[in-house]
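What follows is the residue order along each chain.
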Amino acid sequence: MSGTPELTRRDLLLAAAGTAAASGALATIPGATTGQSDASITFDDQEPDGETVVVASASTPVDARLLIVTGTSTVYRTLELDAGTEFTDRTVELTTAIERSQQVRAELRTADGNDELLAGDAALIAVGESLAEARSTVTLPNGEGEIIEADPDAGFSHPYLLYRPDTVPESAQPLFVLPHNSRSVSTQTDLLGQVREAALGSLFEPADTLGLPGLIPAFPRPPNDGGDLIQSLALPDVESTYASDGSENSLDELATEAFPAESLERVDEQLLSMVDDATDRLADDGYALTERMHMTGFSASAQFSARFAFLYPDRVAAITVGGNGAYPLPEASRDGTALPYPLGTADYRTITGEAFDETAWTAIRQFVYVGADDQPLPEDDSSGYYSISREYEDTAVDIFGENRVTERLPVTQSAYEDAGADATFETYDGVGHTITEDMRADVLEFHREASTDATTPVTDDATTPTRTQSPGTDEQATATAGRRRTQSAATSPAPERTTGSGGPGFGVGTALASLVGAGYLLRSRTDDSE
């Protein structure tokens, strides 16, 4: 068929799944109650036909609505329940069919117009395949992701998703790593559901579009980790930080039964072990990797990527990071004030065992982007404001200021320019803490150029199949309105790139990010039809 295919509901569901992975609006402990009621609900993994689901149990002492939903995007069915309703193993006929395997939520919400969440639980709904298959794989337009189980003996205590493109490149390619940025989770099932959803989101698009092998580590955001300490690679902060009530919090207090304290230690080193494990698995399948990886992220996951690249500059070739203004500075002190990690390099040797390699760090290609309206202040938006470091909060404010765009970003940019970093900084007018189509396009183009520069021939032609042309090679984004570009003075200026705009962070997803993902899937379908 010729022409542009219709964007189906299935496409929208696939696109929305990436947003659901980052949405904090529906975060509850599965099976637990919230608010002031004793309502409860249990929703188990199952293999329905997609037209119905079974809710294992539910009870509510107040008038309530039962919703079968995915993230914040699609409502499959809403039922009105009277106060005192209790049931077990109830089959719910859906008004909108579930067309693919995915994580789905059953929620009880108040029927008084306030829409208060009374109780919620998440389940994996396997459609057209077994639960075992649904738990272990996720299908993308141009490849497939596989869940690799945790292997403490190999150095990682959490699973990860390994993405293999459908075609094996004829040249070594960089591994594309997206640190996980999720809503709060308390079970491995919910966490892995979010990781599968993240693989379908716009932030992972460069891997699938450019034919790059990819990895998403399943590091959790435990319920007590309100500061996203694990998923932002805060390291020292997890041993000395503060909970929302002002009491001291430690790594033990972040831990849960599903995520014990020892599993939350040094997730940076765990990621290195995951990369080594993935490299071996990919080599067995004929995929060759360059020595240094690509990383991306927005908000908390952007901090993880920037901080990881700061700690291991010899392992990273390029990063795209959005939704923040302050990143680690290549300085041990400023104006007489010591800058320990994650602010700078004062305690770098203590953390890594080595001196900071500024030459390797400045060689990393960096694309730093933020929306011009992404400027929450603590007195105006305490939930959106990011303190940079709980351990060194006062120092962080003294050095970077509070405003993400007008204070923090210029400090970071100036320090990077002074160091000669190969970094491009871009601000997008009229954009808040969200990913836009412009940001998405710039991120994709940046990784396209950086991966082209980094590829090396594979010498063992006998074991490496010839690769077809990477999907989307000729696709170029041209939107340039409503943004300002500022480029650092690196050793050589970065090529002109098309614009783009950022995504979900610190557990907050947006409908706009879903539309971005929908556009990505639509383009993939268009390419397939030609």
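Residues numbered from 1 in each chain as written. Predicted model: local features only at pLDDT ≥ 70, side-chain atom pairs only at ≥ 80, totals over all residues. Heavy atoms only, no water.

Let's shift gears to the sheet that holds strand β6 (residues 85-93). On the basis of which strands lie adjacent, the open sheet formed by 3 strands has the order β2-β3-β6 and antiparallel pairing. A strand with exactly one partner marks an edge of an open sheet, and here the two such strands are β2 (40-42) and β6. Taking each pair of neighbouring strands and ignoring which way they run, the sheet shows an average axis angle of 20°. Across 3 bridges, β2 lies against strand β3 (residues 52-60) in antiparallel orientation. (Pairing = 2+ DSSP bridges. Helix = DSSP H or I, 4+ residues; strand = E, 2+ residues; numbered from the N terminus. Axes fitted to C-alpha atoms, helices over the stretch in contact; angles between N-to-C directions.)

With that settled, consider helix α3 (residues 188-199). Because an α-helix completes one turn every 3.6 residues, residues spaced three or four positions apart along the sequence face the same direction. If you check α3, its first and last C-alpha atoms are 17 Å apart, about what 12 residues at 1.5 Å a residue would give, namely 16 Å. When we look at burial in α3, the residues that qualify are Asp190, Leu191, Leu192, Gly193, Gln194, Val195, Arg196, Glu197, Ala198 and Ala199. (Expected span 1.5 Å × (residues − 1). Buried < 20%, exposed > 50% of the residue type's maximum accessible area, 1.4 Å probe, protein only.)

For residues with low pLDDT, the predicted coordinates do not support detailed interpretation. Per-residue confidence for the chain gives a mean pLDDT of 79, with 74% of residues at or over 70. Under a pLDDT of 50 for its full length, residues 1-36 has, in the predicted model, 107 contacts with residues more than four places off or in other chains. Throughout residues 240-247 the model reports pLDDT below 50, and contacts reaching past four residues in sequence, or to other chains, amount to 12 contacts. (pLDDT = per-residue confidence, 0-100. Contact = heavy atoms within 4.5 Å.)

Turning our attention to the nonpolar core. Membership of the largest hydrophobic core comes to 99 residues, with the highest contact counts inside it found for Phe204, Leu215, Leu271, Met295, Phe308 and Tyr416. Membership of the second largest hydrophobic core comes to 24 residues, among which are Ala39, Tyr76, Leu108 and Ala119. (Core = buried A, V, L, I, M, F, W, Y, C linked by side-chain atoms within 4.5 Å.)

Let us now look at the pairing of strand β11 (residues 160-165). With 6 of its 6 residues buried, β11 lies for the most part within the structure. What you see with β11 is no split at all: Tyr160, Leu162 and Arg164 on one side and Leu161, Tyr163 and Pro165 on the other are buried throughout. In the sheet, β11 pairs with strand β14 (residues 214-217) via 4 bridges, with the strands oriented antiparallel. Opposite tyrosine 163, over in β14, you have glycine 214 as the bridge partner.

Turning to helix α6 (residues 267-284), a few remarks are in order. For α6, spanning 18 residues, the distance from its first C-alpha to its last is 26 Å, which sits close to the expected 26 Å at 1.5 Å a residue. Where α6 is concerned, the buried positions are Val267, Asp268, Gln270, Leu271, Leu272, Ser273, Met274, Val275, Asp277, Ala278 and Leu282. Each element contacted by the buried residues of α6 is listed here: β10 (143-148), β11, β13 (176-177), β14, β17 (293-298) and α7 (300-311). Glycine 286 occupies a position one or two residues after α6 and carries a positive phi of about 95°.

On to the packing of α6 against α7, then. A pair of packed helices is captured by two measures, namely the crossing angle of their axes and the spacing between those axes. α7 packs onto α6 with a crossing angle of 80° between their chain directions and a minimal axis gap of 11 Å. Put simply, α6 runs roughly perpendicular to α7. Touching Val267, Asp268, Leu271 and Leu272 of α6 are Phe304, Phe308 and Leu311, all from α7. Partitioning the contact of α6 with α7 into residue classes produces 6 nonpolar, no polar and 1 charged. (Parallel < 35°, antiparallel > 145°, perpendicular 65-115°, else oblique. Nonpolar A, V, L, I, M, F, W, Y, C, P; charged D, E, K, R; others polar.)

A cis amide bond, omega 10°, links tyrosine 341 with the succeeding residue proline 342. Examined against the element boundaries, proline 342 turns out to sit in the loop between β20 (337-338) and α8 (348-352). At leucine 233, a position not held by glycine, the phi torsion is positive, near 55°. Within the secondary structure, leucine 233 sits in the loop between β14 and β15 (241-242). Judged by its relative accessible area of 0%, leucine 233 falls in the buried class.

Another aspect to go through is the side chain of arginine 109. With respect to the element layout, arginine 109 can be found in strand β7 (residues 102-110). A relative accessible area of 9% means that arginine 109 is categorised as buried. A polar side-chain atom of arginine 109 sits 3.0 Å from a polar atom in the side chain of glutamate 107. (Polar contact = N/O pair within 3.5 Å; in protein donor to acceptor, adjacent residues only side chain to side chain.)

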